[in-house]
Structures are given as C-alpha cells and as structure tokens.
Amino acid sequence: MGTAPTQCPSGIAANFYFKLSNRIEFSSSNFPSTLDISKINCHPNSKELKLLADEIHSELSSIMSKTRRSFKASLAAVELTIALHYVFHAPVNKILWDAGEQTYAHKILTGRRFLMPTLRQKNGLSGYTSRTESEYDPFGAGHGCNSISAGLGMAVARDIKGKRECVVTVINNGTTMAGQVYEAMSNAGYLDSNLVVILNDSRHSLHPKIDEGPKTTINALSSTLSRLQSSKSFRRFREVAKGVTKRIGRGMHELAAKVDQYARGMMGPLGSTLFEELGLYYIGPVDGHNIEDLICVLQEVASLDSMGPVLIHVVTEEKQGSEDDQKREIVARQEEGLNLNSTYSFSYGDHCQTYSNCLVEALVMEAEKDKDIVVVHAGMEMDPSLQLFQERFSDRFFDVGMAEQHAVTFSAGLSCGGLKPFCIIPSAFLQRAYDQVVHDVDRQRIPVRFVITSAGLVGCDGPLQCGAFDIAFLSCLPNMIVMAPSDENELMCMVATAAQVDDRPVCFRYPRLERVKFLLRVKMLLYLGMGQWFKTVSKPRPFFPSLASM
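About the criteria used
Residues numbered from 1 in each chain as written. Predicted model: local features only at pLDDT ≥ 70, side-chain atom pairs only at ≥ 80, totals over all residues. Heavy atoms only, no water. Helix = DSSP H or I, 4+ residues; strand = E, 2+ residues; numbered from the N terminus. Expected span 1.5 Å × (residues − 1). Buried < 20%, exposed > 50% of the residue type's maximum accessible area, 1.4 Å probe, protein only. pLDDT = per-residue confidence, 0-100. Contact = heavy atoms within 4.5 Å. Pairing = 2+ DSSP bridges. Axes fitted to C-alpha atoms, helices over the stretch in contact; angles between N-to-C directions. Salt bridge = Lys/Arg side-chain N within 4 Å of Asp/Glu carboxyl O.

Over its 13 residues, helix H12 (residues 291-303) extends 18 Å from the first C-alpha to the last, a length consistent with the 18 Å expected when each residue adds 1.5 Å. Among the residues of H12, Ile291, Glu292, Asp293, Leu294, Ile295, Cys296, Val297, Leu298 and Val301 are the ones counted as buried.

Pasting the structure below:
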C-alpha cells in the first residue's frame, strides 16, 4: 500500500500509514513505534495483527462512544478489515464496501486515523467511502447494495484491459435485502469474471422468529472445511471431475452435479446452495474474528489464477464495546437532553419532541380509530419512535429493510386489498423506488400514503443522504398530492388528512430535526391545494448577491 493521497479535501496527512509490503507505524503509546509486517504469518503464534485489532477496537470505541450513533458494525468488522488489507494490497487491488458503518477500521488503516474524530462533521471525514476523499475508496457507498454491481464492472473492465488486480466487495445482512445484490450475483455467475464477494454475516435479521432460530455455528470442523474449500488442490480436483463427467456423458455430468450440490449443502449452513445456484463458488462459514483463518482463506482465494466469482461467508458478532464505553454513550446522550429510558412516553424536556415523535403519535391516534391503517417501513435504520407503533400494533407494522421497491408495490397491494397503508421511507432512499411510485401507484391512482422522512438537508450524514429532490420528482406526477408541514401541528393534521384520501396517492415530507417545540394538540383536516401567506417582502433580495451584480 502507501500513504494517504494528498488530494483529500480534509487535509488527510500521512502521519499514520499502513504499508503492508514493509512496516506499520503507530503513534499510540500502547504500541511499539513500528511492527515488521513481513514477519507476520497466518500461524496462531503471531500476535502483531491481534495487537493491531485491539488497538483499533479501543480507538473506535473511544471515538464513536462520544457520538449518538451505533458503532457495533464497525467493531465487528475490524478483524475482517485487517485481513483484507493484509492479503489484498490496496489501492492496486480494489476493496469495495456496501455500508459506510463497516468502513471505519478501513479509514483508520488507510491514512485517516487522526481525522477520525472529525467523522460526519463539517470539513471532516465522510461517514461513507468516497472517491474524492481517498484513493483507497474506489467506489462510493451510501445507500448500500451497490458494491457487487460496481465490483463486477471493475472486474470486467480489468479483463478487457488485460490487467490482473483483484476486486473484492464486502456486503452485509442489511444489504442482502435489496434485489440489486442478487441481480449482480446472477450476472457475475454468468460472466464468470474473477470476483471475491465477502458476506459479513452478523447473524441479525428483521424477523424475530428467525433471530430466535438456529444460528450458523463456527467450530473447528467448519474452519477446516472452509480452508479445504478455498484450497487450490480441492478447486482443481473439482474442475477436473467436472471435465471428466462431461466427457462421459450428460447423464453422468448431471448426476455428479447433484452429488456435488448435495455434499456442499451438507457441509455448508442453511441457504448456502443459493449462492451456488447463482453461479458463485461458496466458501464458509469462516470465523470473522479469527484473523489467522481469515488470512489463510483469503490468501488461498487470491492465489487462484482463474477462479470465477467466489463468495466467502464470514460470521461476526456485533459487540457494542466495553461497559464503560456504553456508560459514556448514555451519559453523552443524556447531556444532550435525550432521555433514553422514555423513548415511548415522549417525555422530552420542556415539551420538546422530534418530528418523528409527532408523526408516530398521530399514527397511533388514527390507528386506534381506524383498524384499516397499516404502516410499512423501508430503509437502512428504523427511527426508535416507530417502535411505539410496532409494539401497539404488531400485526399492522411491516419493516422490509432495504427493499424500497418492494415496500412501494407491497403498499399498493395492501391498498388494493382494502387497507390504508402509510409507507415510511427516507427521501434519499425513495429515489430507488421511483419507477414503482410512478407505475405501480400514481398511474393507477392507488391511495398509498407516503411519509418521506429526512427531507431536505441532513447535516452530518452528508450529500449521500440529502433529501433535496423529492419535491421535484413527486410534484410532476399527475395524480400525486404533495404536502410539506411548516410545523409539527401541521404534520399531525396531514396524517389525519392523508387517512381520509381514498382516490389517489398522497405524500408529505418532513425534515430531520433534533427537537421541535410542541405547541398545540389541535388536529384538523387540511384544505388541499391551499397554503398560508406568512410575510410580504417589499424588496426581494437575491440569494447570490455576487451573481446578481454581474
């Protein structure tokens, strides 16, 4: 590898660098000044990489505990990130990530360690991978599920240009809810280009019944089988056996394929044959916190000249950090005026609430009166306030994860069945379901009520999550009613109004504000097509005076 590039906008310096071909330098007092990376091997008695993992765990816990954001996914991916950078020498080899929450260790290892405290701040580091921030970020990730498609494109471009670099993509549980992941896997299996896909399986699910079911186990047998599956000799033997059975005849080849599928299904966890059917060679499960096993498997995969697409199933455990870190996080939140123990009671200081709290309170009031009201949520993270509705009306709440296209058409089907769906999607994620909004909802005048969250500027989440386009792409639709509240009272009125509209789709948007002042509890139906005049400006002032004077 090398030092961080000088073109980084935040002034990223090369004080910390991770140079795999030579040495790793540290500035922490807990570590020696340098570690000779060339002496580190994949045997259990090598402690240098484990020390590095402990250092990153400690630093991430210290930095992220001061924020109000979960950092479990970042801690879970530390060992995997170290193994990836040990085996695949970025930026020559391309490492793509699906979710920004997994990339914090990657940022530390690629020259951005001392700027981590500026994460998601003005003129600071982005919360996601960014091509303009570092040459080690070959593709931007923000909305998830795009890394396999982009990685496959890079792999095909590499083959056409006659290059030999490796392309690695990392996906997680959340992004596997999106259809683009499987579209890309199917195309990768058809094109048969060399591509490494790593599934970072934190064993979390949107469905409690699945979470309570059997988990993918990691033991000595699974570790041995994973190493065997990734070995050159096993892969070559498998390819030779395929060639021999093809020469014998079609019947023998089909029988051998069934035996191979059955045997690999017996060795792998439930559902592993799905990836084989899509054309990816499955390896796993691998312990995502065992650096030696990770490096051994990745080195075997990287050494193959012609392997086609490979999926490595890595199982990790999301841990929030030490008890002290969790206590610091709770104290920090309470100092900002957020009472974590009263999320559902809306007891915020000085009668302050978020827009989401007002929305959920209005939805609960309407749902208590009308049994046909249901809520469909799509997106990366669910607002904690929605858990109130989920607990009160568990049979009328549907969280589909990062499947916005499905959420829109699913809501249309609910409406056709006689229900009144409120489809809650962040503005930036609604962009991915625009075709469904146009074709499946608006063109058919199906009364779906879209609740667009995080509209407008979103502050620390940056341009990737900016919800500035929904007014433009929704107001041009012929049958859509577009509303935007000026305060929380109007938001609650819009919920009541949308519940009564039954002949066309409705949408209303609200921004992401930390706290709003709750003024009144007056709920009334709004007059559609009417606004309110607040102030008359005698002399208009240009937004850009410098341009107006030209």
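Another aspect to go through is the confidence of the model for the chain. Taken as a whole, the chain shows an average pLDDT of 75; of its residues, 64% reach a score of 70 or greater. Long-range and interchain partners of residues 1-45, a stretch whose pLDDT sits below 50, account for 110 contacts in this model, where long-range means more than four residues apart.

Before going further, it helps to examine the sheet that holds strand E3 (residues 94-97). Backbone-to-backbone hydrogen bonds join strands into a sheet, with any given pair of strands oriented parallel or antiparallel. Across the sheet, which stays open at both edges, the five strands sit in the order E3-E4-E5-E7-E6 with parallel pairing between neighbours. Looking at the sheet topology across the chains shown, the edges are occupied by E3 and strand E6 (281-287). Taken over all neighbouring pairs, the strand axes of this sheet differ in orientation by 20 degrees on average, direction set aside. Examined bridge by bridge, strand E5 (residues 195-201) and strand E7 (residues 309-315) share seven bridges and lie parallel to one another. Residue pairing in the sheet places Ile198 in a bridge with Ile312 of E7. Helix-sheet contacts for H12 involve E5, E6 and E7, and the interaxial angle to E6 is about 160 degrees.

Now for the pattern of salt bridges. In the structure shown here, the tally under the stated rule is 14 salt bridges. In this structure, the salt-bridge partner of Glu133 is Lys107, at a minimum N-O distance of 2.8 Å. Taken together, the residues Glu133 in the loop between helix H4 (104-112) and helix H5 (147-161) and Lys107 in helix H4 connect sequence positions 26 residues apart. Residue classification places Glu133 among the buried residues on the basis of a relative accessible area of 4%. According to the relative accessible area criterion, Lys107 is buried, its value standing at 0%. The partner of Lys369 in a salt bridge is Glu366, and the shortest N-O contact between them spans 3.8 Å. Of the two residues, Lys369 and Glu366 both sit in helix H14 (residues 355-369), three residues apart, roughly one turn of that helix. It is possible to trace a salt-bridge network through shared partners that takes in Lys107, Arg112, Glu133 and Asp137.

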